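Here is what each chain is made of, one letter per residue.
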Amino acid sequence: MDAKTGANIKIAKLTLGDKSWSFPIYDGTVGPSVMDVSKLYAETGIFTYDPGFTSTGSCESKITYIDGDAGVLLYRGYPIEDLAEHGDFLETCYLLLYGELPTAAQKENFDDRVTHHTMGHEQMMRFFQGFRRDAHPMAVMTGCVGALSAFYHDSTDITDPTQRMVASIRMIAKSPTLAAMAYKYSIGQPFVYPKNDLDYASNFLRMCFAVPCEEYKPNPVLARAMDRIFTLHADHEQNASTSTVRLAGSTGANPFACIAAGIACLWGPAHGGANEAALKMLGEIGSVDRIPEYVKRAKDPNDSFRLMGFGHRVYKHYDPRAKIMQKTCHEVLNELGVNDPLLDVALELERIALHDDYFIEKRLYPNVDFYSGITLRAMGFPTAMFTVLFAVARTVGWIAQWKEMIEDPHQKLGRPRQLYTGSPRREYQPISRRK
Ligand code: SDX
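What counts as what
- Residues numbered from 1 in each chain as written.
- Predicted model: local features only at pLDDT ≥ 70, side-chain atom pairs only at ≥ 80, totals over all residues.
- Heavy atoms only, no water.
- Buried < 20%, exposed > 50% of the residue type's maximum accessible area, 1.4 Å probe, protein only.
- Helix = DSSP H or I, 4+ residues; strand = E, 2+ residues; numbered from the N terminus.
- Pairing = 2+ DSSP bridges.
- Contact = heavy atoms within 4.5 Å.
- Near = heavy atom within 4 Å.
- Polar contact = N/O pair within 3.5 Å; in protein donor to acceptor, adjacent residues only side chain to side chain.
- Areas by Shrake-Rupley, 256 points an atom, 1.4 Å probe, with all protein chains shown as cover.
- Nonpolar A, V, L, I, M, F, W, Y, C, P; charged D, E, K, R; others polar.
- Salt bridge = Lys/Arg side-chain N within 4 Å of Asp/Glu carboxyl O.
- Core = buried A, V, L, I, M, F, W, Y, C linked by side-chain atoms within 4.5 Å.
- Phe/Tyr/Trp six-rings, centres within 6.5 Å; stacked < 30°, edge-to-face > 60°.

J.: I tried to follow the pairing of strand E4 (residues 64-67) on my own but got confused; where do I start?
T.: Two faces belong to every sheet, and in a regular strand the side chains alternate between them. In E4, alternate side chains face the same way, and those of Thr64 and Ile66 are buried while those of Tyr65 and Asp67 on the opposite face are not. Counted along the chain from E4 to the antiparallel partner strand E5 (residues 72-75), the turn is 4 residues long, and its residue Gly71 has a positive phi close to 65°.

So, in structure tokens, the structure goes:
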């Protein structure tokens, strides 16, 4: 860490009985400082204990910064609001991968490289045939992305920077193609090949919704909305799936296998699966007059029901992505002339929750998943595809964080320890003597 070499390193003291130890404190560019406890066990014989890693920094990173209290999200220092408003998703991909916004020439070159990697290996088509048509598309994505290393051996040597970048471009380029294939396979329609004269989001919409029987012209408003949704979901610091990718990558596993691990982790309803769960919840509530009943359940400590799309481990204020997602939701519904009663439920649920003492006290606000489901359903995606779209967008974040870890000279194999509360050593009893 650059701060490690700083002259004015602060020290934290730990006292246990008559012994005390010192641990260095490092300051980041912005945000909380960290206490380096990497030598704690060697010096004290005790571990830290932090289930869920609520107070643990797992790495040093320069990619994404979140201020949960202020509702701030920066990709390489640029506010998400500016990137979503003024740039496009591939510009954000370039920024996350290279650390700087591209010049016009760099952007043209990057777009061209991604565009010319969007086709999948033709034999991948047969891979899909092994799945049932009703397989959840996240299961298909996990399997297919993990299988990419079987097709692209020439970009699995993680020690070769050129291969690392080729694998990164391939993942960003092929993720939408595989996602569209998973969707087409689930509805029994033929796969649609990418077209190089379309931008990233338009290409994806066409691969999902075009059929051989007629021309498909992507709606520019929907394509812009899709592109912005990808930007909003591109990266998010050390969330559960990114931490999974980093942990898998720390063993030296190939990048495709690491991204597949990230997809599997994202699937959970507490994480990326929340967009699917949030729409299902809104559907279950059904109408504005039933909201109080569900708010009551969400507040009941004896009821496991939670308002999906609400709350966040880091954001204790409004998720900045949710605001942009809400605006995009209105744009899409207006463009399509859709009047979705679930949007009225969502808006009223948000209004009630933001004025309810329970949610205020626990600092629970809508997160990125709260409005995305309504938007994606209006665009024609089935609920089961929502988390797949999240995975398409997050692929660049996972791969950028994976690259940063591989290129970090201080990176080590990730291997946490534990507090063991099981049985102490005991003698083996032959079965004849067990009662
Ligand atoms: C994503 O980490 C990331 O960056 C993730 C993500 C990304 O871009 O990668 O932002 C994407 O995953 C967004 C989050 C999507 N998940 C959901 O919307 C699922 C619903 N939300 C919750 O499950 C919950 O808010 C979590 C899991 C997101 C965060 O929970 P924490 O930080 O572990 O907090 P907690 O579970 O300890 O909750 C604190 C309190 C608890 O009450 P007490 O035990 O203190 O009495 O708040 C309550 C919880 O019961 N609470 C909720 C609630 N979320 C938390 N009560 C009702 N509804 C909710 N949604």
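J.: What is the right way to read the environment of Ala84 from this model?
T.: When you line up the elements, Ala84 lands in helix H2 (residues 80-86). The buried category is assigned to Ala84, whose relative accessible area is 2%. With 140 residues separating them along the chain, Ala84 and Arg224 place their C-alpha atoms 9.9 Å apart. For Ala84, the contacting residues outside a window of four places in its chain are Arg224, Arg228, Thr231, Leu232 and Ile324.

J.: I'm lost on the sheet that holds strand E2 (residues 19-26) in this one. Help?
T.: In a beta sheet, neighbouring strands pair by backbone hydrogen bonds and run either parallel or antiparallel. Reading across the sheet, the 3 strands line up as E1-E2-E3 and stay open at both edges, with antiparallel pairing between neighbours. Both outer strands of the open sheet, strand E1 (10-16) and strand E3 (34-35), are each paired with one neighbouring strand and no more.

J.: Help me understand the site of the ligand in this model?
T.: Near the ligand there are 23 residues, and of these His236, His312, Arg313, Arg321 and Arg394 occur at the shortest range. In the model, an oxygen atom of the ligand is placed 2.5 Å from a nitrogen or oxygen of the His236 side chain. For the ligand, an oxygen atom lies 3.0 Å from a polar atom in the side chain of His271. Summarising the interface, the protein chains cover 74% of the accessible area of the ligand, which totals 1,000 Å² for the free molecule. For the shell around the ligand, the residue count by class is 10 nonpolar, 7 polar and 6 charged.

J.: Explain the pattern of salt bridges to me, please; I cannot follow it from the model alone.
T.: Taken as a whole and judged by the stated rule, the model has 24 salt bridges. Residues Glu60 and Lys62 are paired through a salt bridge, measuring 3.3 Å at the closest nitrogen-oxygen approach. Residue classification places Glu60 among the partly exposed residues on the basis of a relative accessible area of 24%. Using a relative accessible area of 49% as the deciding quantity, one classes Lys62 as partly exposed. Note that Lys299 and Asp356 form a salt bridge whose closest N and O atoms lie 2.7 Å from each other. Of the two residues, Lys299 is situated in helix H13 (residues 291-299) and Asp356 in the loop between helix H15 (341-354) and helix H16 (357-361); the sequence distance between them amounts to 57 residues.

J.: What is the right way to read the nonpolar core from this model?
T.: Here is a general trend for soluble globular proteins: nonpolar side chains tend to be buried in one another's company. The biggest cluster of nonpolar side chains holds 111 residues, and the ones touching the most others in it are Met226, Leu349 and Phe381. Top element by residues in this core is helix H18 (residues 386-406). It accounts for 14 residues. Ignoring any residue separated from it by four or fewer positions in sequence, one finds Phe381 in contact with Phe204, Leu205, Cys208, Phe209, Met226, Leu376, Phe386 and Leu389.

J.: I'm lost on the sheet that holds strand E6 (residues 78-79) in this one. Help?
T.: An order of E4-E5-E6 is seen for the 3 strands of this open sheet, with the pairing classed as antiparallel. Edge positions in the sheet fall to E4 and E6, since each of these pairs with one other strand and no more. Here E5 runs beside E6; their pairing, made up of 2 bridges, is antiparallel. Across the sheet, the residue bridging to Tyr75 is Tyr78, located in E6.

J.: Before we go on, may I ask you to explain the pairing of E2 in this structure?
T.: Both E1 and E2 contribute to a ladder of 7 bridges, which runs antiparallel. Paired with Leu14 across the bridge in E2 is Trp21. What sits between E1 and E2 in their antiparallel hairpin is a turn of 2 residues, with Gly17 showing a positive phi close to 65°. Pairing analysis gives 2 bridges linking E2 to E3, with the strands arranged antiparallel. When the bridges of E3 are listed, Ile25 appears paired with Met35.

J.: Quick question: what am I supposed to make of the environment of Val211 here?
T.: By the secondary structure assignment, Val211 is in the loop between helix H8 (200-209) and helix H9 (220-232). On the basis of relative accessible area, Val211 is assigned to the partly exposed category, the value being 23%. Between the C-alpha atom of Val211 and that of Phe191, which follows or precedes it by 20 residues, the distance is 8.7 Å. Each residue touching Val211, except ones within four places of it in the same chain, is listed here: Lys184 and Gln189.

J.: Before we go on, may I ask you to explain the packing of aromatic side chains in this structure?
T.: Here the distance between the centres and the angle between the planes together describe a pair of aromatic rings. Within this structure, the stated rule accounts for 21 aromatic pairs. Centre to centre, the rings of Tyr94 and Phe110 are 5.5 Å apart; their planes meet at 90°, and the pair counts as edge-to-face. Taken together, the residues Tyr94 in helix H3 (residues 89-98) and Phe110 in helix H4 (residues 104-115) connect sequence positions 16 residues apart. Like Phe110, Tyr94 is buried. Consider the rings of Tyr98 and Phe110, whose centres lie 6.4 Å apart with planes at 85°: the pair is edge-to-face. Of this pair, Tyr98 sits in helix H3 while Phe110 sits in helix H4, and the two are 12 residues apart along the sequence. Residue classification places Tyr98 among the partly exposed positions, given a relative accessible area of 35%.

J.: Just to check I follow, could you spell out unusual backbone geometry for this structure?
T.: One can expect most non-glycine residues to show negative phi and most peptide bonds to be in trans. Positive phi, normally seen in glycine, also occurs at Phe53, with a value near 55°. With a relative accessible area of 56%, Phe53 lands in the exposed category. Positioned with a positive phi, Glu237 is a non-glycine residue whose angle comes to about 60°. Assignment of secondary structure puts Glu237 in the loop between H9 and helix H10 (240-249). Assessed through its relative accessible area of 26%, Glu237 is described here as partly exposed.

Without other data, these values stay purely geometric and don't point to any function.
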